[in-house]
Every structure is written in structure tokens, then in C-alpha cells.
Amino acid sequence: MTHSSLSSAPARLTVLAGPTAVGKGTIVAELRRRHPELFVSVSATTRGPRPGEIDGVHYLFVSDGEFDRLIDSGQMLEWALVHGAHRYGTPRGPVQAELDAGRPALLEIDLAGARQVRASMPTAQLVFIMPPSWDELVARLAGRGTEDARERERRLATARTEMEAAQEFDHVIVNDTVAHATDELEKLLGIKG
């Protein structure tokens, strides 16, 4: 497969983060539809799959013991406990292989993970996805229907903290529409639309 639509600039790691239900996954799905050649890292997680999620495609679903092994052997670029419940992390090998081959890599991770990547790879570009408003974020989370009321409240509390950290990022994109947010991300990645 050709990578002709990717920029000729040096390969760069781009980290995409933002609060729960802001639409990060939807934006990444649209970006992948437009640019199937773009490498998007698959995160490992200790949580179980949601309906429709496929191991190795949406996440690498691993046990706590396997996650510990990956951390202990230095195979995680970043990892964090998210929402006080499950661990998520980025396996280092596939990301480094893309960068070493001169191709950009995209990570969709949480705030704590983005901070770890900033510390370990200072040249990474950090992009924060922001909702158009707080009310819209609440409506999107409720509309997803994947969490009970208690879990929604926990996620919203985390979202408030995450949104306060947006100024730590190199760029902020408001997800008013998926098409617009994806266009903005394409520009930051140096991908021709």
C-alpha cells in the first residue's frame, strides 16, 4: 500500500486526547476512512470488551497479569489507570516501528497517558479534542447508553479535570462536527485531505 498522501515531513507521533464521549473514536474512525494508510495505535486495556468491540482491532484486551508483564518488560510507551477502574496503555513496539520507517503514528489516549508521552517523547504533538459545550458533552455521554448513572457521573467528574488541562496541549480542536474536527486533525497531521 502506498503512503503517498502522507506528508514528506519527518515522522511524528501525534497524541489525541480529550474527555469521555467527546467523539475521539468517531474522529479517528473518520480519519481512518479517509486515510486507511495512517497508522493508529491499538491500546491495550484490562477492561472487558463493549458490544461490537473486537480484540486487536478496537483494543488489545489483556488480563491484569499480562498488563503487569508488559509494564515490567518496558513494552508500554505509556499506561494509566482510567476512571479509577481499568488500566489502558500503548504498546511501544508498533508505534516505534512506524516512526522508524518514516511514517507518522497517531495515539488516541487519556490525559495521564498524554502526559507520559510528553515526558518520554518531547517531540510528540499533543492535540486535545474539546466538546462545543459542557451540556453537549453530557448529552453525548447519556446518548451513548453504555454506562449506568453512577459510571456517567464518575466519567463527567474526570472530564471536568481533563478539560481544565487542555492548555497543556499543543493544539485544541472543538468537535462541533465530525467532518470539521477531522479536517482540522488532517491539517495538524500534515495529511492531504
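The shown structure was predicted, so the numbers you read here are calculated from the model rather than taken from an experiment. (Residues numbered from 1 in each chain as written. Predicted model: local features only at pLDDT ≥ 70, side-chain atom pairs only at ≥ 80, totals over all residues. Heavy atoms only, no water.)

Of all the six residues making up strand β6 (residues 86–91), five are buried; the element is thus mostly covered by neighbouring parts of the structure. In this sheet, β6 lies alongside strand β3 (residues 44–45) in antiparallel orientation, the contact comprising two bridges. In the sheet register, Ala44 faces β6, and the bridge partner there is Gly89. Of the strand pairs in this sheet, strand β5 (residues 76–82) and β6 are connected by six bridges, and their pairing is antiparallel. Across the sheet, Glu78 pairs through a bridge with Thr90, a residue of β6. The loop that links β5 with its antiparallel partner β6 comprises three residues; one of these, His83, has a positive phi angle of about 55°. (Buried < 20%, exposed > 50% of the residue type's maximum accessible area, 1.4 Å probe, protein only. Helix = DSSP H or I, 4+ residues; strand = E, 2+ residues; numbered from the N terminus. Pairing = 2+ DSSP bridges.)

Sheet strands pair via backbone hydrogen bonds, and the direction of the pair is either parallel or antiparallel. Taken in spatial order, the four strands of this open sheet run β4-β3-β6-β5, and their pairing is mixed. Across the chains shown, the open sheet's two edge strands, defined by having one partner strand only, are β4 (60–61) and β5. Contacts from helix α2 (residues 64–72) reach β3, β5 and β6, with the element oriented near 40° to β6. Against the sheet, helix α3 (residues 92–100) touches β5 and β6, its axis set at about 30° to β6. (Contact = heavy atoms within 4.5 Å. Axes fitted to C-alpha atoms, helices over the stretch in contact; angles between N-to-C directions.)

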